[in-house]
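Read off the chains here:
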Amino acid sequence: MKKWLSHTNSTVLSVAVIGIFILLTLFLNSLGGFQLDLTSNKQYTLSDQTLTAIKSVKEDVNIQVLTVENANNTVLNREVSDMVQEYTKRNSKLKMEQYNLTQEPALASKYGITGSSIILEQGDQHKVIDIASLFTAAGDGSDGSYQFTGEEKLTQALMNLSSTEMHKMVFLTGHEELGLDQLTTLRSSLEQSNITTEELQLNQAGQVPEDADVLAIIGPQRDISDTELKAIRTYLSNGGKLLLSLGFHEDMESAWKNIDALAADYGVVDEHAVMVDQQQASTMGPLWVVPEYGTHGITDKLSENKLYPMLSLSIALTSQEQDKYTLSPLIHSSNDSYGEKDIAGLLQNETSNDPQQDVQGPVELGYAADTTDGKPKAVILGSSIFMQDSEIANGGNRDFILNVTNYLSEKQDGLTIRPRIQAGYQVAYLNGEQARVIFFVALVAFPLVFVIIGVFLWWRRRRV
């Protein structure tokens, strides 16, 4: 009788445990998207800004994750995929598809991409995010840690996909400037932010288009004419905004009369001196500068996250008093730098700091000019090479220039989501013997131990 009651109690207890497990499973399933993020950096916790953007999606959005798979980026690709899945869990309008880019040449051709990318598609509109741009080294990168800006850029692309806010930026040509064919990455990034781009031959057009939000003059090698200067000033006086980014020219002191006059309209003085930074001499070379940031809406977030641009052949700038605009320094060189005024000597690799002639560091390399009521009017930079395709991916170059253009365009749908710092990952490569040991221990030894324990307990209970 006792034996029968013992078996009955065991059966009832087993059924009760199974029933509780089933009920708990059904309860948790009813919670839908409920999950508990126990990661140290809250990797799977989306910001309130992102959740609001996701909820606002009313039409179907297909998100395609196109990755190139290899041993070095497996973890990073998975991080991107996990992030996109977090978005799709929160709105059924978001659908995710994942492909190996090397096996889908048609998709690569359709969207004009050559590397791992995220494609957001809604109707006939689409946005492209370069996955490589989502990861930057944290600190000096020696420990393998990195910053992940995926949430900010994916949310921004999602907002821009359905946004009706459009802006236009025109790039001056005809003076050997950097053209859009040399700025394809920047152009693509601007278009992803709903900023259309086109080139302007001012001598032919006669005037800057009235619908242009920003006129960009990037790295001119020849001066603008008196007629062009007059047309540019007319455009700016009617509410237009200016991005003037200087380039290097050996005769710039005598050849840039009107370009210098345009900068001087905002209180910025071109010193016609090339920056030499001794801090960078042992690594990148003395003509490279990794500047520090000033305090401004353009730079505050970049400074907080230590995303610094990497500039070369930069021109020293100073300011002069004027009462029409508020002038804010954006970037400056180190204390160990100076602006070399002897350009002929510099071209012969001869340079030394002459305190009587050269501009002493730290030296300003960029200014923002705002109206007295706080509206953006102009940004004048002492460097332009960092924008071209071969340089824009270095350091914080892309983030810096996009912040500049978004600020000048007065984009209202920008957002700030702090990048996550991720610990460095190391890939372990196993040989055949190591793999067999792990297989035996995990799939044979451990289960066998539990089977033996179970048989032993069963045998003991039968003897009782």
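**Things to note about the overall build of the protein**
Part 1: Along its length, the protein carries 14 helices and 21 strands.
Part 2: Looking at the protein as a whole, 44% of its 464 residues are labelled buried.
Part 3: Across the protein, contacts joining residues at least 24 apart in sequence account for 75% of those joining residues at least 6 apart.
Part 4: For the protein, the exposed surface amounts to about 24800 Å²; the carbon and sulfur share of it is 54%.

**Thoughts on the sheet that holds strand E4 (residues 125-130)**
Part 1: Judged by pairing direction, the sheet is mixed, and its 4 strands sit side by side in the order E2-E1-E3-E4 without closing on themselves. Here the strands that pair on one side only, and so sit at the sheet edges, are strand E2 (94-100) and E4. Each adjacent strand pair in this sheet contributes to an overall mean axis angle of 20 degrees, direction not counted.
Part 2: Of the strand pairs in this sheet, strand E1 (residues 61-67) and strand E3 (residues 117-122) are connected by 5 bridges, and their pairing is antiparallel. Bridging across to E3, Val-65 finds its partner in Ile-118.

**Quick look at the packing of helix H6 (residues 184-192) against helix H13 (residues 397-409)**
Part 1: Packing of H6 against H13 brings their axes to within 11 Å, and their N-to-C directions diverge by 50 degrees. With respect to H13, the axis of H6 lies oblique. The interaxial crossing formed by H6 with H13 has right-handed handedness. Side by side, H6 and H13 meet where Leu-186, Ser-189 and Leu-190 of the first sit next to Arg-398, Ile-401, Leu-402 and Thr-405 of the second.
Part 2: Looking at the contact of H6 with H13 residue by residue, the class counts come to 4 nonpolar, 2 polar and 1 charged.

**Concerning the UniProt feature "transmembrane region" (unreviewed entry) in the protein**
Part 1: As annotated in UniProt, the feature "transmembrane region" (unreviewed entry) corresponds to residues 12-34 and 437-459 in the numbering used here.
Part 2: This span, residues 437-459, is 100% helix and 0% strand, and a straight line between its end C-alpha atoms measures 31 Å.

**With respect to the environment of Ser-334**
Part 1: For Ser-334, the location among the structural elements is in the loop between strand E16 (325-332) and strand E17 (337-340).
Part 2: Separated by 26 residues in sequence, Ser-334 and Gln-360 place their C-alpha atoms 9.9 Å apart.
Part 3: Residues within four places of Ser-334 in sequence aside, it is in contact with Asp-277, Gln-279, Gly-361 and Pro-362.
Part 4: Only 2.9 Å separates the side chain of Ser-334 from the side chain of Asp-277, close enough to count as a polar contact.

**Quick notes on the packing of helix H2 (residues 48-55) against helix H5 (residues 150-162)**
Part 1: Orientation of H2 relative to H5, taken along the N-to-C sense of each, is 30 degrees, at an axis distance of 10 Å. Relative to H5, the element H2 is oriented roughly parallel. Once H2 is placed against H5, the crossing between them reads as left-handed. The segment H2 lies against H5, with Gln-49, Thr-50, Ala-53 and Ile-54 engaging Glu-151, Thr-155, Leu-158 and Met-159.
Part 2: Partitioned by chemical class, the residues of the contact of H2 with H5 number 4 nonpolar, 3 polar and 1 charged.

**Some words on the pairing of strand E7 (residues 167-173)**
On a regular strand, each side chain points to the face opposite its neighbour's, so the side chains alternate between the two faces of the sheet.
Part 1: Counted residue by residue, E7 has 7 buried out of 7 residues, so it is predominantly covered.
Part 2: Here E7 shows a buried face lined by His-167, Met-169, Phe-171 and Thr-173 and a second buried face lined by Lys-168, Val-170 and Leu-172.
Part 3: As judged from the 7 bridges shared by E7 and strand E8 (residues 195-201), these two strands associate in the parallel manner. In the strand pairing of E8, Met-169 is matched with Thr-197.
Part 4: Handedness of the E7-H6-E8 crossover: right-handed.

**Focus on the side chain of Ser-328**
Part 1: Turning to its location among the elements, Ser-328 is positioned in strand E16.
Part 2: The class for Ser-328 is buried, based on a relative accessible area of 13%.
Part 3: Those residues in contact with Ser-328, other than ones at most four positions away along the chain, are His-296, Gly-366, Tyr-367 and Ala-368.

**As for the pattern of salt bridges**
Part 1: Within the structure shown, the criterion is met by 12 salt bridges.
Part 2: The residue Glu-176 makes a salt bridge to Arg-222 at a minimum N-O spacing of 3.4 Å. With Glu-176 in the loop between E7 and H6 and Arg-222 in the loop between strand E9 (214-218) and helix H8 (226-237), this pair connects stretches of sequence that are 46 residues apart.
Part 3: Residues Lys-341 and Glu-271 are paired through a salt bridge, measuring 3.8 Å at the closest nitrogen-oxygen approach. One end of the pair, Lys-341, is in the loop between E17 and helix H12 (343-347); the other, Glu-271, is in strand E11 (residues 268-277), and 70 residues separate them in sequence.
Part 4: In this structure, a network of salt bridges that share partners links the residues Glu-86, Lys-89 and Arg-90.

**Here we look at the pairing of E16**
Part 1: Here strand E13 (residues 292-293) pairs with E16 via 2 bridges, running antiparallel. Counterpart to Glu-292 in the pairing with E16 is His-332.
Part 2: Alignment of E16 against strand E19 (residues 364-371), held across 7 bridges, turns out to be antiparallel. Bridging across to E19, Leu-327 finds its partner in Ala-369.

**Topic: H5**
Part 1: With 13 residues, H5 should reach 18 Å at 1.5 Å per residue; the first-to-last C-alpha distance of 19 Å fits that figure.
Part 2: By the criterion of burial, H5 is predominantly enclosed, with 11 of the 13 residues buried.
Part 3: Looking only at H5, the buried set comprises Gly-150, Glu-151, Glu-152, Lys-153, Leu-154, Thr-155, Gln-156, Ala-157, Leu-158, Asn-160 and Leu-161.

**A few points about the side chain of Asn-258**
Part 1: With respect to the secondary-structure elements, Asn-258 resides in helix H10 (residues 257-264).
Part 2: Note on Asn-258: relative accessible area 6%, which makes it buried.
Part 3: A polar contact is formed between the side chain of Asn-258 and the side chain of Asp-226, at a distance of 2.9 Å.
Part 4: The contact partners of Asn-258, leaving out residues within four places of it in the chain, are Asp-223, Ile-224, Ser-225, Asp-226 and Leu-229.

Reading the values: rules and limits
Residue numbers here run from 1 along each chain, matching the order of that chain's written sequence. Predicted model: local features are reported for residues with pLDDT of at least 70 only, side-chain atom pairs are reported and counted for 80 or more only, and whole-chain, interface and lining totals are derived from all residues. The side-chain numbers reported here are obtained from all heavy atoms of the structure, hydrogens and water having been left aside. For helices the rule is a DSSP run of H or I covering at least 4 residues; for strands it is a run of E covering at least 2, with both sets numbered from the N terminus onward. Partly exposed describes any residue whose relative accessible area lies between the buried limit of under 20% and the exposed limit of over 50%, with all areas from a 1.4 Å probe on protein chains only and scaled to the type maximum. Residues are treated as being in contact if the distance between any of their heavy atoms lies within 4.5 Å. To be clear on the numbers: accessible area is Shrake-Rupley with a 1.4 Å probe, and residue cover counts the displayed protein chains and nothing else. Any two strands between which DSSP finds at least two bridges are classified as paired. Orientation is described by lines fitted to C-alpha atoms, with helices fitted over the stretch in contact, and by angles between N-to-C directions that extend from 0 to 180 degrees. Any angle that falls under 35 degrees is termed roughly parallel, while one over 145 is termed roughly antiparallel, one within 65 to 115 roughly perpendicular, and all others oblique. The sense of a crossing depends on the near helix, which, turned anticlockwise from the far helix by less than a right angle, makes the crossing left-handed and, turned clockwise, makes it right-handed. Polar here means any residue outside two lists: the nonpolar Ala, Val, Leu, Ile, Met, Phe, Trp, Tyr, Cys and Pro, and the charged Asp, Glu, Lys and Arg; Gly therefore counts as polar. UniProt positions are given in the numbering used here, feature names are shortened, and annotations may be inferred rather than shown by experiment. What qualifies as a polar contact is a pair of N or O atoms within 3.5 Å, subject to a donor-acceptor requirement within protein and to the restriction that residues adjacent in sequence count only when both atoms come from side chains. With the strands aimed away from the viewer, a crossover counts as right-handed if its path from the first strand over the helix to the second runs clockwise. Salt bridge criterion: a side-chain nitrogen from Lys or Arg within 4 Å of a carboxyl oxygen from Asp or Glu. The span you would expect from a helix comes to 1.5 Å times its residue count less one.

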